[in-house]
Amino acid sequence: MSESIQEAACVVTVKVEGPITVATINRPAKANALSNEVVDALDTMADAVERAAAAGSTRALVITGAGDKAFSAGADISNLVGLTQSESREQMLRGQRVFDRIAKLPVAVIAAINGVAYGGGLELAMACDMRIAAPHARLGQPEITLANIPGWGGTQRLPRLVGRGIASEMILTGAPIDANRALAIGLVNAVAEDPVISATEMALAVAAHSHAAVAAAKATIRSGLRGGIEYGLEVEAGAVAELCQTPEQHDAVTAFLNRKVARS
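Undergrad: In this structure, what is going on with the packing of helix H2 (residues 85–104) against helix H3 (residues 120–127)? I would like to understand it.
TA: How two helices sit against one another is set out by the angle between their axes and by the gap between those axes. Between H2 and H3, whose axes approach to 8 Å, the crossing angle comes to 30°. Between H2 and H3, the interaxial angle falls into the category roughly parallel. The segment H2 lies against H3, with Phe99, Ile102 and Ala103 engaging Gly120, Glu123, Leu124 and Ala127. Across the contact of H2 with H3, the residue classes break down as 5 nonpolar, 1 polar and 1 charged.

Have a look at this one:
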């Protein structure tokens, strides 16, 4: 898998630890800002994870930033200067496509927020299934302070995670929040001294389960959020029916029943 991401250079490093892949945004001198090169590297990384997941060698992905100061301070503003209206729109659509691809990966994706996650950095974290933050982490959508709005999914994912009122507060004031408030409002799942270790532990817990079931659960959750509860319930029923035919599900049910008999 490492060979398949050579073109990502060093701006996103990838380490495979058993069934877990850890991807690190590696621009600490720039607060791990998301330059065009980084977005391209994240896309390449997602492609490699998809192939590894299909081969059964990767069961979960952890995304973090280099150093202990920043997960990512957001988009590299220098890449946005001087763009025409059509170029700006394409730049936003490109980032949305890459983040959506990460969200759609058939494995659990966990953000280890080791420092600030602002703008595009928070949008990347929100594209992940779960988020674990360091105690000193700060999270925010400060685009309004630059006379703009989030463009890589923030206006859509943030309300779905924390509700309209709090999302509006964060987007319209641009003020960051600390890790404890992020935990209280459900923006992060946990606060941990070493978020990478905690995220890896969570990833291992997910990786212990059926890959097909994990992928189906992710797809079903996403379907309901995108298409509404009625559509989501239809997808859910179909996914359960399909999983009921898998050897893994048959084996798990048989083992459960055997344990129940043994205890009786």
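Now that the structure has been shown, we can carry on.
Undergrad: I'm lost on the environment of Gly119 in this one. Help?
TA: Topologically, Gly119 is positioned in the loop between strand S6 (116–118) and H3. The spacing of Gly119 and Gly153 is 34 residues in sequence and 9.9 Å in space, taken between C-alpha atoms. Those residues in contact with Gly119 that lie beyond four places of it in its chain are Gly74, Gly140, Gln141, Pro142 and Glu143.

Undergrad: I keep staring at the sheet that holds strand S9 (residues 177–178) and nothing clicks. Help me out?
TA: Two modes of strand pairing occur in sheets, parallel and antiparallel, and in both the strands are linked by backbone hydrogen bonds. Pairing is mixed in the open sheet, where 4 strands are placed in the order S4-S6-S8-S9. Here the strands that pair on one side only, and so sit at the sheet edges, are strand S4 (70–72) and S9. As paired elements, strand S8 (residues 138–140) and S9 share 2 bridges and run antiparallel to each other. Bridging from a neighbouring strand, Arg138 pairs with Asp178 of S9.

Undergrad: Looking at this structure, how should I read the packing of helix H1 (residues 36–55) against H2?
TA: Their axes nearest at 9 Å, the elements H1 and H2 cross at an angle of 30°. Comparing the axis directions of H1 and H2 gives the class roughly parallel. Of the two elements, H1 crosses H2, and the hand of that crossing is left-handed. Counting all contacts with H1, which are made through Asn36, Val39, Asp40, Leu42, Asp43, Met45, Ala46, Asp47 and Glu50, the residues of H2 involved are Gln91, Arg94, Val98, Phe99, Arg101 and Ile102. Considering only residue class, the contact of H1 with H2 consists of 7 nonpolar, 2 polar and 6 charged.

Undergrad: Sorry, what's going on with the environment of Val240 here?
TA: The topology assignment puts Val240 in helix H9 (residues 229–243). For Val240, a relative accessible area of 46% gives the class partly exposed. Between the alpha carbons of Val240 and Arg131 there is a distance of 27 Å; along the sequence they are 109 residues apart.

Undergrad: Can you help me understand the pairing of strand S3 (residues 60–65) in this one?
TA: The side chains of a regular strand alternate, residue by residue, between the two faces of the sheet. Counting buried positions along S3 gives 6 out of 6 residues, so the element sits mostly inside the fold. A two-sided burial pattern is seen for S3, the buried positions comprising Ala60, Val62 and Thr64 on one face and Leu61, Ile63 and Gly65 on the other. Across 6 bridges, the pairing between strand S2 (residues 20–25) and S3 is parallel. Note that in S3 the partner of Thr24 across the bridge is Thr64. For the crossover that starts at S2, traverses H1 and ends in the parallel S3, the hand is right-handed. Across 4 bridges, S3 lies against strand S5 (residues 108–113) in parallel orientation. In the strand pairing of S5, Ile63 is matched with Ala111.

Undergrad: For this particular structure, what's the right way to read the sheet that holds strand S7 (residues 130–133)?
TA: Taken together, the 6 strands give an open sheet; going across it, the order is S1-S2-S3-S5-S7-S10, and neighbouring strands pair in mixed fashion. Bordering the open sheet on either side are strand S1 (12–17) and strand S10 (190–191), each of which pairs with just one other strand. Relative to S10, S7 runs parallel, the two sharing 2 bridges. By the bridge assignment for S10, Ile132 is matched with Ala190.

Undergrad: Sorry if this is basic, but what is going on with the pairing of S1 here?
TA: Relative to S2, S1 runs antiparallel, the two being bridged by 6 bridges. For Lys15, the partnering residue across the bridge sits in S2 and is Val22. Where S1 folds back onto S2 in an antiparallel hairpin, the turn is made up of 2 residues, including Gly18, whose phi is positive at roughly 65°.

Undergrad: Please explain the pattern of salt bridges as it appears in this structure.
TA: Side chains that carry opposite charge are capable of pairing whenever their charged atoms lie near each other. By the definition in use, this model includes 14 salt bridges. Of the charged contacts in the structure, one is a salt bridge between Lys218 and Asp129, with a shortest N-O distance of 2.9 Å. On the criterion of sequence distance, the pair formed by Lys218 in helix H8 (residues 211–227) and Asp129 in the loop between H3 and S7 is long-range, its members being 89 residues apart. With relative accessibility at 13%, the residue Lys218 sits in the buried group. Assessed through its relative accessible area of 29%, Asp129 is described here as partly exposed. Each of Asp43, Asp47, Glu50, Arg51 and Arg101 takes part in salt bridges that share partners, so that together they form one network.

The rules behind these values
- Residues numbered from 1 in each chain as written.
- Predicted model: local features only at pLDDT ≥ 70, side-chain atom pairs only at ≥ 80, totals over all residues.
- Heavy atoms only, no water.
- Axes fitted to C-alpha atoms, helices over the stretch in contact; angles between N-to-C directions.
- Helix = DSSP H or I, 4+ residues; strand = E, 2+ residues; numbered from the N terminus.
- Parallel < 35°, antiparallel > 145°, perpendicular 65-115°, else oblique.
- Contact = heavy atoms within 4.5 Å.
- Nonpolar A, V, L, I, M, F, W, Y, C, P; charged D, E, K, R; others polar.
- Pairing = 2+ DSSP bridges.
- Left-handed = near helix turned anticlockwise from the far one by under 90°.
- Buried < 20%, exposed > 50% of the residue type's maximum accessible area, 1.4 Å probe, protein only.
- Right-handed = clockwise from strand over helix to strand, strands pointing away.
- Salt bridge = Lys/Arg side-chain N within 4 Å of Asp/Glu carboxyl O.

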